[in-house]
2 protein chains.
Amino acid sequence: MGETNKTAITPTREEDYPEWYQQVVKASDMADTSPVRGCMVIKPWGYALWENISKILDGMFKESGVKNAYFPLFIPLSFLEKEAEHVEGFAKECAVVTHHRLEKKGDKGLVPAGKLTEPLVVRPTSETIIGDSFAKWISSYRDLPVLINQWANVVRWEMRTRIFLRTSEFLWQEGHTAHATKKEAIQRTNMMLDVYNKFAEDYLAMPVIKGRKTASERFPGAVDTLCIEGMMQDKKALQAGTSHFLGQNFAKSSGIKFQSKEEEEVFAWTTSWGVSTRLIGGLIMAHGDDDGIILPPKVASSHLVLLPIYRKPNDRSRVMEFTQNLAKELKAKHYHNQGLEVEIDSREIGGARGWEWIKKGIPVRVEIGPRDIDNDSVFVARRDMGHRDKKSMKREVFIGQITDILDEIQNNIFDRALEFRKTNTVHINSNKEFYSFFTPENIQKPEIHGGFAMSHWCGSDKCEAKIKDDLKVTIRCIPLDDNNDEKGECICCEKPSRRRVVFAKAY
Amino acid sequence: MGETNKTAITPTREEDYPEWYQQVVKASDMADTSPVRGCMVIKPWGYALWENISKILDGMFKESGVKNAYFPLFIPLSFLEKEAEHVEGFAKECAVVTHHRLEKKGDKGLVPAGKLTEPLVVRPTSETIIGDSFAKWISSYRDLPVLINQWANVVRWEMRTRIFLRTSEFLWQEGHTAHATKKEAIQRTNMMLDVYNKFAEDYLAMPVIKGRKTASERFPGAVDTLCIEGMMQDKKALQAGTSHFLGQNFAKSSGIKFQSKEEEEVFAWTTSWGVSTRLIGGLIMAHGDDDGIILPPKVASSHLVLLPIYRKPNDRSRVMEFTQNLAKELKAKHYHNQGLEVEIDSREIGGARGWEWIKKGIPVRVEIGPRDIDNDSVFVARRDMGHRDKKSMKREVFIGQITDILDEIQNNIFDRALEFRKTNTVHINSNKEFYSFFTPENIQKPEIHGGFAMSHWCGSDKCEAKIKDDLKVTIRCIPLDDNNDEKGECICCEKPSRRRVVFAKAY
């Protein structure tokens, strides 16, 4: 690892981005594949990140009046069938429970037995089962709004899976709300999109575009799906969170009715919104480099690692003592309402030790040797800078500045990601240029696609489908801001268009 | 509700304990049954309690060096079969996934399709799937110990279910550790039992007996199962947590091997330990009264509720203002490293409002009316006292004393539960007396059973089985303390015995 050009991760992003991703997940010790098709094992370093993500989001939800609850893992098939579009959308990828015990059967060993009268589907999402509860809980306008969130595992039997990005089982939160009026439900849909937007940008340091999905990309059963879309380093888009206005569709299929102030029996208006462990995949792809992951300090599994260094055995005790004391002082500090998480790695495994932490993406590494101690100093390396770019700092100064350093890293990686997105977002007005932009042969490396094309779209399903068929490019969203409202011609059919939309390849 | 003898819950505990339990769960708004057989819906008031339980336990686990991770929901059938006793123990109550999509089939509507090559079992517990990861993670003694915990849902297809106590799906934590030596694994088994013991007594205010299960009551595949057992108000025992020493059984079946310091390849020693949402059922049955639940302040979903009271509409603003200010001051306080959780209930629904909070078991209720404000006072009621037993307190005094009041309630309900257990624990030496103690006809009410009988047992499976068959009484545990070590004669066969054990009916 001593050579200047050698990277900790092989291949590099430029050489083979998808393979780089798999390798970086492995090298960072975040997660692993499992013997169960498409299911992952989230290892402690990855799970600590998810815990931080959950804790922060949970606080934001509660701040907005939402309460947590828990609903059954299993959904009776008849429930799923209540909403026609919904079941259509999920039927192709459902794990189905059909039996409730195992029985010995001669040579075959154990086989499923005790067939269920009605098959149960392992929840791919919970609108229908939560709708059943809402129907019981709600009878008067006084019961509204109902604002519920659930932290849970869900299962979607995906054909092609990739750790964190698309797994058969994943962890997520799903918010479900019911309101007396359409206006209030739409407000909540927007409010939760804003929460996701804030979380992605302020915590994950991932700039995102807030927008509306086209009809073909909507959540099955929704009237309107809002989303946030980020750009990964291969210039593909990643949908990082969605917020759905469900109109009265699910209220009607689940019977969520209430007596209004005017004493009429009416259906409620509902919303649902979710983010998942997919965010971790996004975070890795937005910030990682050829040496591993770079964790945004505000969600990092841990903030800094202390690496005691000594050659002579009799230096050990004073180096360790200095390290322990430093850790104690650092742990007493606060960073954005959390404690400062400090690791001490005293394993005697040579240079591999520092590299492990680089690959894991810990924001700050601190080397402590006898000479540093003589100067009352520490040797500090930041993960957002080159791995040789270390700086000696007086102990007291370092302790005083550590939270500022973490904030600098946080801001720095956000700025880098924003700059990257800006560089790779282009206004394209001609069909020829558009096709050229998205054709791999025209790009340096086949794995690296064009980026975000801000182009006009007439609004027809046909044009959207043609572009998808031709180029595997989809409309990621119709941005919510009005910067893109202008007259123009559809990039596909040249018919009049009133705004530009975001076209990109996507995960 | 104005009559002196009327209770908020019908029937009372004495009238019909099992039915009282169902009613109290319902009245407290903690949870509800669901349309999925044996699965429950945990409502916000119940889930907030579970969140507190999880948070505190999670901190205790981490303090002991344990890290969280997450493993697949599904276990391939072949994995479960690796440990013979284990699969034997769970085969009768497994939810089995056999298909991965749904397909339209004529009139029948959707039916399961895409049959899996190997059925997947929804985890009833995760020893075998986590063992597979441990086998990959561990190769040298330097990798040990591995100390992992998982917060998850599990499924056991129980025949008879009761909310919180025995449900097909429940939430729990399962700790799994691997060690280089037998001694260390046994130490960890004991250490985690101590964590559970401390949590049950110090937080749930539930006195428990630490003990060892007999062979017939062991976890399937364990070498030794330790447990904590509490006494409910119907004098039945509730197993509130278990910690298993698994020996090398699962290490052998999963291939968890490592190179020892002496460079030999040897199997690791493993443990597992868990508590679940069952604790909530235990908490309800240990403390609840005929007016509803009584929540121990240290885990309570919320600590106190402010109830503004006014008759004249023009009193409203000053009562609300006083209430809001009081809430603000209270929320700034800390209670055992948590914030103080304060509810304001300003619904204009009359006396039903106060009763709702009594039924929900909130530790402290505070009434605030114009006359209280005139005296700069509040009117305080404690849930551990009678519902009419209210006290006027100066505002400042109340704010100053609230955390002490909460501690008093916590200690009070613990003392009550301990006293109850003591009263209902008896040393029984004669077989006749033993049978009489556990025969319902001999007790006032058939639903109320004898209690804990501390009696001698020779150690034979036969005697244990006979008593179970005759009386539905089991050996809850062989206490770990040595207070019960003395010579005597088996309560069943009169053969020599070296110690008393805890006999009781149980949940």
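Basis of the calculations
Residues numbered from 1 in each chain as written. Chains lettered and ligands numbered in written order. Predicted model: local features only at pLDDT ≥ 70, side-chain atom pairs only at ≥ 80, totals over all residues. Helix = DSSP H or I, 4+ residues; strand = E, 2+ residues; numbered from the N terminus. Rg over C-alpha atoms; globule rule 2.2 N^0.38 Å. Buried ≥ 20, exposed ≤ 12 C-beta atoms within 10 Å, placed from the backbone. Pairing = 2+ DSSP bridges. Least-squares fit on C-alpha atoms with pLDDT ≥ 70 in both. Contact = placed C-beta atoms within 7 Å. Nonpolar A, V, L, I, M, F, W, Y, C, P; charged D, E, K, R; others polar. Axes fitted to C-alpha atoms, helices over the stretch in contact; angles between N-to-C directions. Arc of directions from axis to C-beta. pLDDT = per-residue confidence, 0-100. Expected span 1.5 Å × (residues − 1). Domains from an automatic or database assignment.

Visitor: Please explain the overall build of chain A as it appears in this structure.
Guide: Within chain A, the secondary structure is distributed over 14 helices and 26 strands. Expected size for 507 residues packed as a compact globule is a radius of gyration near 23 Å; at 26 Å, chain A falls within 12% of this value. Its C-alpha atoms give chain A principal-axis dimensions of roughly 80 × 60 × 60 Å. Considering chain A as a whole, with its 507 residues, one finds that 51% of them fall into the buried category.

Visitor: Could you clarify how one ought to interpret the pairing of strand β23 (residues 452–456) of chain A in this entry?
Guide: Every other side chain in a regular strand lies on the same face of the sheet, so the side chains alternate between the two faces. Residue and element names in this part refer to chain A. The buried count for β23 comes to five of five residues, which makes it a mostly enclosed element. The alternating pattern of β23 places F452, M454 and H456 and A453 and S455 on opposite faces, both of which are buried. Where β23 and strand β26 (residues 496–504) come together, four bridges link them in antiparallel fashion. Considered in β26, the bridge of A453 is made with F503.

Visitor: Is there a simple way to explain the relation of the copies chain B and chain A in this structure?
Guide: Relative to chain A, chain B is turned by 180° and slid 0.0 Å along the rotation axis, the superposed coordinates differing by an RMSD of 0.0 Å. Taken together, the rotation and translation describe the operation of a two-fold axis. Relative to the rotation axis, the C-alpha of V97 of chain B is the closest in chain B, positioned 2.1 Å from it. Residue by residue, 100% of the interface of chain B is reproduced at the interface of chain A, so both copies engage with the same surface.

Visitor: Mind showing me how you'd approach the interface of chain B and chain A here?
Guide: When the parts come together, some accessible area is lost, and that loss is often what is quoted as the size of the interface. Contacts between the two partners involve 47 residues from chain B, matched on the other side by 47 residues from chain A. Per-element accounting of the side of chain B that touches chain A gives the leading share, seven residues, to strand β5 (residues 96–104) of chain B. Broken down by class, the residue content of the side of chain B that touches chain A amounts to 30 nonpolar, eight polar and nine charged. As defined by bridge partners, strand β5 (residues 96–104) of chain A adjoins β5 of chain B across three bridges and the pair is classed as antiparallel. The residue bridging V97 of chain A from the neighbouring strand is V97 of chain B, located in β5 of chain B.

Visitor: Would you explain the sheet that holds β5 of chain A in this entry?
Guide: Across a sheet, strands are paired by hydrogen bonds formed along the backbone, either parallel or antiparallel in direction. The strand order β4(A)-β6(A)-β5(A)-β5(B)-β6(B)-β4(B) describes an open sheet built from six strands, whose pairing is antiparallel. This sheet does not close on itself; its edge strands, each paired only once, are β4 (74–76) of chain A together with β4 (74–76) of chain B. Here the strands of the sheet are splayed against their neighbours by 45° on average, with no regard to which way each runs.

Visitor: Explain helix α1 (residues 17–27) of chain A here, please?
Guide: Three or four residues apart is the spacing at which side chains of an α-helix point the same way, because the helix has 3.6 residues per turn. Residues and elements named next belong to chain A. For α1, the set of buried residues is Y17, W20, Y21, V24, V25 and A27. Looking straight down α1, one finds that the buried residues subtend no more than 165° of arc, so they occupy a single side. Where the residues of α1 are buried, they touch β1 (31–33), α8 (278–287) and α10 (352–360). Downstream of α1 by a residue or two, D29 has a phi angle that is positive, lying close to 65°.

Visitor: Help me out: how do you make sense of the environment of W151 of chain A in this one?
Guide: All names here are of chain A. As for its placement among the helices and strands, W151 is situated in strand β7 (residues 146–155). Residues W151 and S276, spaced 125 residues apart in sequence, show a C-alpha to C-alpha distance of 9.5 Å. Other than its neighbours up to four places away in sequence, W151 contacts S54, N68 and Q173.

Visitor: Just checking my understanding: could you explain the confidence of the model for chain A for this structure?
Guide: When pLDDT is low, close inspection of the predicted coordinates is not appropriate. On average, residues of chain A carry a pLDDT of 95, and 97% of them reach 70 or more. Per the prediction output, this complex has pTM 0.96; the corresponding ipTM is 0.96.

Visitor: What is the right way to read helix α2 (residues 44–63) of chain A from this model?
Guide: All names here are of chain A. Between its first and last C-alpha atoms α2 spans 28 Å; for 20 residues at 1.5 Å apiece the expected length is 28 Å, and the two agree. For α2, every residue scored as buried is listed here: P44, W45, G46, Y47, A48, L49, W50, N52, I53, L57 and F61. One or two residues past the end of α2 sits G65, with phi positive at roughly 95°.

Visitor: Could you clarify how one ought to interpret the domain arrangement of chain A in this entry?
Guide: Parsing chain A into structural domains produces domain 1 (17–73 + 124–285), domain 2 (304–404) and domain 3 (425–504). Once you take the C-alpha centre of each, domain 1 of chain A and domain 2 of chain A turn out to be 38 Å apart.

Visitor: Could you clarify how one ought to interpret the environment of I491 of chain A in this entry?
Guide: Residue and element names in this part refer to chain A. As for its placement among the helices and strands, I491 is situated in the loop between β25 (485–489) and β26. For I491, a count of 25 C-beta atoms within 10 Å puts it in the buried group. Apart from residues lying up to four places away in sequence, I491 is in contact with I428, N431, F434, S455, H456 and W457.

Visitor: Help me understand the pairing of strand β9 (residues 208–212) of chain A, please; the structure alone is not making it clear to me.
Guide: Residue and element names in this part refer to chain A. Counted residue by residue, β9 has four buried out of five residues, so it is predominantly covered. Pairing of β9 with strand β10 (residues 224–231), which is carried by five bridges, proceeds in the antiparallel orientation. Paired with V208 across the bridge in β10 is G230. In this structure, β9 lies alongside strand β24 (residues 474–479), joined through two bridges in antiparallel fashion. Directly across from G211, in β24, lies its bridge partner P479.

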